[in-house]
Every structure is written in C-alpha cells, then in structure tokens.
Amino acid sequence: QVQLVESGGGLVQAGGSLRLSCAASGSIFSINAMGWYRQTPGKQRELVAIITRGGSTNYADSVRGRFTVSRDNAKNTVLLQMNSLKPEDTAVYYCNANTYIVPGARSTLYWGQGTQVTVSS
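Heads up: these notes are all about the structure in this document. (Residues numbered from 1 in each chain as written. Predicted model: local features only at pLDDT ≥ 70, side-chain atom pairs only at ≥ 80, totals over all residues. Heavy atoms only, no water.)

## A closer look at the pairing of strand 3 (residues 18-26)
Strand direction decides the pairing type here: strand 1 (residues 2-7) and strand 3, joined by six bridges, are antiparallel. Residue pairing in the sheet places E6 in a bridge with C22 of strand 3. Bridging between strand 3 and strand 8 (residues 77-82) involves six bridges; their strand directions are antiparallel. Residue pairing in the sheet places R19 in a bridge with Q81 of strand 8. (Pairing = 2+ DSSP bridges. Helix = DSSP H or I, 4+ residues; strand = E, 2+ residues; numbered from the N terminus.)

So, in structure tokens, the structure goes:
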C-alpha cells in the first residue's frame, strides 16, 4: 500500500506565500507524474500543477507565474510553492502520485488526504 501525506497548509493574508509538501511512502517501485489539485465546496476537484518524473511541468492558467511545483525523486516528495496568494486560491489542496508498485505492472493513482489553504482578503 502507498500513503501520501500533505503538510504546509494554513491561513495566510492575500499577497502572502505558503509551501505545501507531499511525501509518498510504502511499497513504491517508482513514481511517474505527481500533481497538486484543489477543491472548494460544491465544485469539482481541479488541477493546479503537475510534474513528471523527468521534471516537465504544467500549470492551471489561474496559478501560472505564481505557483511553482518541484519534486525530489529520491525522497518521493512533491512541493508546491505558492506566492502572491489570492482569496480565490482558498481550497483544500490534494496531492497525487501515479505509482508503480512493481516493475511492469500497471500504475495506480494514489491521493493524499488534503490540506486546507485559506487566503484572507
């Protein structure tokens, strides 16, 4: 089994910064893409940023230029540096990891439990 644990959420004023961290542990052979998503009540979970094992990234238009995703493959961790935060960034943030348990097997997408980010105006 694989567990993902997020940390770093909290309350910040508009214009401030937060850094989210997500660590994957368990029976991991390798991890392909890792990503950050967010969700607010009554809305679908939406992509924030994604990073491949090789370091290629993609961002939602709403966060591009303000957020930076990075990862440490040796530690199976993914980070999300969030700068110039806006009230509309308020959400529960989830990380995920496209994980191979054994070589040659199909990958499985695992999710963390989420961490609350609240940006006050």
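## Section: the side chain of D89
When you line up the elements, D89 lands in the loop between strand 8 and strand 9 (91-100). Side-chain polar atoms of D89 contact the side chain of R38, separated by 3.0 Å. (Polar contact = N/O pair within 3.5 Å; in protein donor to acceptor, adjacent residues only side chain to side chain.)

## Comments concerning the packing of aromatic side chains
On inspection of all chains with the given rule, the structure shows one aromatic pair. Measuring from ring centre to ring centre gives 5.1 Å for Y37 and W111, while their planes differ by 65°; the resulting arrangement is edge-to-face. You can see Y37 sitting in strand 4 (residues 30-39) and its partner W111 sitting in strand 10 (residues 108-111), a full 74 residues away along the chain. Above the ring of Y94, the side-chain terminus of R45 is found at 3.7 Å from the ring centroid. The ring of W111 carries the charged tip of R45 above its face, separated from the ring centre by 4.7 Å. (Phe/Tyr/Trp six-rings, centres within 6.5 Å; stacked < 30°, edge-to-face > 60°. Lys NZ or Arg CZ within 6 Å of the ring centre and 35° of its normal.)

## With respect to the sheet that holds strand 1
What holds strands together in a sheet is hydrogen bonding between their backbones, with the strands either parallel or antiparallel. Ordered in space as 1-3-8-7, the four strands form an open sheet in which the pairing is antiparallel. The two strands at the open ends of the sheet, each matched to only one other strand, are strand 1 and strand 7 (67-72). Between one strand and the next, the sheet's axes are offset by a mean angle of 15°, whatever the strand orientation. With six bridges connecting them, strand 7 and strand 8 associate as antiparallel partners. Bridge pairing links S70 to L79 in strand 8. (Axes fitted to C-alpha atoms, helices over the stretch in contact; angles between N-to-C directions.)

## A few points about the environment of P103
Tracing the backbone shows P103 in the loop between strand 9 and strand 10. Taking the C-alpha atoms as reference, P103 lies 8.2 Å from S30; in sequence the two are 73 residues apart.

## Regarding the environment of L11
The residue L11 is located in strand 2 (residues 10-13) in this model. Residues L11 and Q116, 105 residues apart in the sequence, show an inter-C-alpha distance of 8.3 Å. Residue contacts for L11: discarding those within four places in its chain leaves T118 and S120. (Contact = heavy atoms within 4.5 Å.)

## What about the pattern of salt bridges?
Side-chain pairs of opposite charge can arise whenever the charged atoms involved come near each other. In total, this model carries four salt bridges according to the counting rule given. Across the pair D89 and R38 runs a salt bridge, and its minimum N-O distance is 3.0 Å. Taken together, the positions of D89 in the loop between strand 8 and strand 9 and R38 in strand 4 put the pair 51 residues apart, joining distant regions of the chain. Taking the shortest distance from any N to any O, the salt bridge between R64 and D61 comes out at 2.6 Å. Judged by relative accessible area, R64 falls into the partly exposed class, the value being 43%. (Salt bridge = Lys/Arg side-chain N within 4 Å of Asp/Glu carboxyl O. Buried < 20%, exposed > 50% of the residue type's maximum accessible area, 1.4 Å probe, protein only.)

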